[in-house]
Amino acid sequence: MNDIGSGDIEVLSVFCAGDGRYGNPLGVVREGRNYPDETSRQALAAQLGFSETVFVDDPERGNVDIYTPGLRLLFAGYPLVGAAWLLDLEVVNPPVGEVWVRQDGEFTWITVRPEWSPPRILRRYDTVAEVDALPAPPPGEGWLYAWAWEDESAGRVRARGFPRRDDGIMEDEATGAAALLLTAELGRALNITQGRGSQILTAPGPDGWIEIGGRVRLLPPR
């Protein structure tokens with residue numbers, strides 16, 4: 001296997017803060033054909049240990065396959081934002097279907113549907129301090145998105161994401177799918193600060209479509 005960041009496997013930081021810090025690390029395997037089946041892809045995703053790893057099956061058409069360390073996903077938000085930025089495409093194609101992309105200055109946006117997202121428990125807390133004080137992970141079962149209003153009038157949200165799966169990911173630094181579901185539930189544009197300081201922007205569109213946007217940067221080889 002190539003070294004991480006050597007060319008075959010790139011590492012991106014997706015949903016960075018304005019100063020480039022934070023963001024959720026994403027593995028992108030440019031040559032998906034080097035891992036031709038689900039078994040080999042799952043093994044590599046587990047070995048890399050990122051929240052998610054993307055395998056690029058066709059860089060021109062944007063066909064991609066997404067894995068956590070423990071399972072394959074038909075859809076996930078931050079891997080699609082990262083892959084679209086890296087491949088410089090207007091459309092990416094995960095198993096769930098066609099996802100349109102647009103670039104707006106420093107932000108990469110994807111347009112998606114809430115029903116594509118895996119289930120999440122969206123739990124509102126009264127204060128940001130309560131969200132910040134949660135252990136990683138909190139007790140209980142099921143994927144938990146803990147959130148509170150930081151400034152409701154401005155649509156600013158403080159959030160943390162906890163997969164609560166047995167795959168070594170205690171807390172997800174930035175989660176596009178959960179942000180998508182929260183936006184659908186609240187019915188308004190959001191500016192979400194998740195994890196240590198990652199930023200996710202969302203905007204509801206017509207006919208139930210929702211845009212998710214964020215900054216992406218390429219991490220150095222390691």
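Notes on the structure in this doc start here. (Residues numbered from 1 in each chain as written. Predicted model: local features only at pLDDT ≥ 70, side-chain atom pairs only at ≥ 80, totals over all residues. Heavy atoms only, no water.)

What about the overall build of the chain?
Here is step 1 of the chain: In terms of regular secondary structure, the chain is built from four helices and 14 strands.
Here is step 2 of the chain: The globule rule puts the C-alpha radius of gyration for 222 residues at 17 Å, and the 16 Å found for the chain is close to it.
Here is step 3 of the chain: Dimensions of the chain, computed from C-alpha atoms along their principal axes, come out at roughly 50 × 35 × 30 Å.
Here is step 4 of the chain: Counting only residues that meet the buried cut, the chain has 55% of its 222 residues in that class.
Here is step 5 of the chain: Taking the intrachain contacts of the chain between residues at least 6 apart in sequence as the baseline, contacts between residues at least 24 apart amount to 57%.
Here is step 6 of the chain: Surface exposure of the chain reaches about 9,700 Å², of which carbon and sulfur atoms provide 48%.
Here is step 7 of the chain: Between the centroid of the 21 positive side chains of the chain and the centroid of its 33 negative side chains there is a distance of 3 Å. (Helix = DSSP H or I, 4+ residues; strand = E, 2+ residues; numbered from the N terminus. Rg over C-alpha atoms; globule rule 2.2 N^0.38 Å. Buried < 20%, exposed > 50% of the residue type's maximum accessible area, 1.4 Å probe, protein only. Contact = heavy atoms within 4.5 Å. Areas by Shrake-Rupley, 256 points an atom, 1.4 Å probe, with all protein chains shown as cover. Lys, Arg positive; Asp, Glu negative; His and termini not counted. Charge placed at Lys NZ, Arg CZ, Asp CG, Glu CD.)

Overview of the pattern of salt bridges
Here is step 1 of the chain: Tallying each qualifying case throughout the model produces 16 salt bridges.
Here is step 2 of the chain: Between glutamate 31 and arginine 33 there is a salt bridge, with its nearest N and O atoms 3.0 Å apart.
Here is step 3 of the chain: A relative accessible area of 32% means that glutamate 31 is categorised as partly exposed.
Here is step 4 of the chain: A relative accessible area of 66% places arginine 33 in the exposed class.
Here is step 5 of the chain: Measuring nitrogen to oxygen at the nearest pair gives 2.8 Å for the salt bridge that ties aspartate 167 to arginine 165.
Here is step 6 of the chain: Overlapping salt bridges bring together Arg41, Asp57, Asp65 and Arg72 as one network. (Salt bridge = Lys/Arg side-chain N within 4 Å of Asp/Glu carboxyl O.)

Details of helix 2 (residues 77–87)
Spacing of three or four residues puts side chains on the same side of an α-helix, whose turn is 3.6 residues.
Here is step 1 of the chain: Taken across its eleven residues, helix 2 has ten buried, putting it largely inside the fold.
Here is step 2 of the chain: Looking at helix 2, one finds that the buried residues are Gly77, Tyr78, Pro79, Leu80, Val81, Gly82, Ala83, Ala84, Leu86 and Leu87.
Here is step 3 of the chain: Just past helix 2, the residue aspartate 88 takes up positive phi, approximately 55°.

Things to note about unusual backbone geometry
Here is step 1 of the chain: Residue proline 137 is bonded to the preceding alanine 136 through a cis peptide linkage, with omega at -5°.
Here is step 2 of the chain: Assignment of secondary structure puts proline 137 in the loop between helix 3 (128–132) and strand 10 (144–151).
Here is step 3 of the chain: For aspartate 88, which is not a glycine, the phi torsion comes out positive at approximately 55°.
Here is step 4 of the chain: A positive phi angle, near 50°, is found at arginine 164, a position not held by glycine.
Here is step 5 of the chain: Structurally, the position occupied by arginine 164 is in the loop between strand 11 (156–162) and helix 4 (176–186).

Comments concerning the pairing of strand 10
Here is step 1 of the chain: With respect to burial, strand 10 is a largely interior element, six of its eight residues being buried.
Here is step 2 of the chain: In this sheet, strand 10 lies alongside strand 9 (residues 121–124) in parallel orientation, the contact comprising four bridges. Residue pairing across strands places leucine 122 opposite tyrosine 145, the latter belonging to strand 10.
Here is step 3 of the chain: The hairpin formed by strand 10 and strand 11 contains four residues between the paired strands, and glycine 155 there has a positive phi angle of roughly 75°. (Pairing = 2+ DSSP bridges.)

Notes on the packing of aromatic side chains
Here is step 1 of the chain: By the definition in use, this model includes five aromatic pairs.
Here is step 2 of the chain: When the ring of tryptophan 147 is compared with that of tryptophan 149, the centres are 5.4 Å apart and the planes differ by 85°; the resulting orientation is edge-to-face.
Here is step 3 of the chain: Each residue in the set Tyr35, Phe55 and Tyr67 is aromatic and connected to the rest through ring pairs, giving one cluster.
Here is step 4 of the chain: One cation-aromatic arrangement involves arginine 113 over tryptophan 209; the distance from NZ or CZ to the ring centre is 4.8 Å.
Here is step 5 of the chain: Geometry around tryptophan 143 places arginine 120 over its ring, the cationic atom sitting 4.2 Å from the centre. (Phe/Tyr/Trp six-rings, centres within 6.5 Å; stacked < 30°, edge-to-face > 60°. Lys NZ or Arg CZ within 6 Å of the ring centre and 35° of its normal.)

As for the environment of asparagine 24
Here is step 1 of the chain: With respect to the helices, strands and loops of the structure, asparagine 24 is situated in strand 2 (residues 24–29).
Here is step 2 of the chain: Here the alpha-carbon distance between asparagine 24 and glutamate 185, two residues 161 residues apart in the chain, equals 24 Å.
Here is step 3 of the chain: Excluding anything up to four places from it in sequence, asparagine 24 contacts Leu12, Ser13, Val14, Ser51, Tyr78, Asp172, Glu173, Ala174 and Ser198.
Here is step 4 of the chain: In terms of polar contacts, asparagine 24 uses its side chain to reach the side chain of aspartate 172, at 2.8 Å.
Here is step 5 of the chain: From its side chain, asparagine 24 meets the backbone oxygen of alanine 174 in a polar contact 2.9 Å long. (Polar contact = N/O pair within 3.5 Å; in protein donor to acceptor, adjacent residues only side chain to side chain.)

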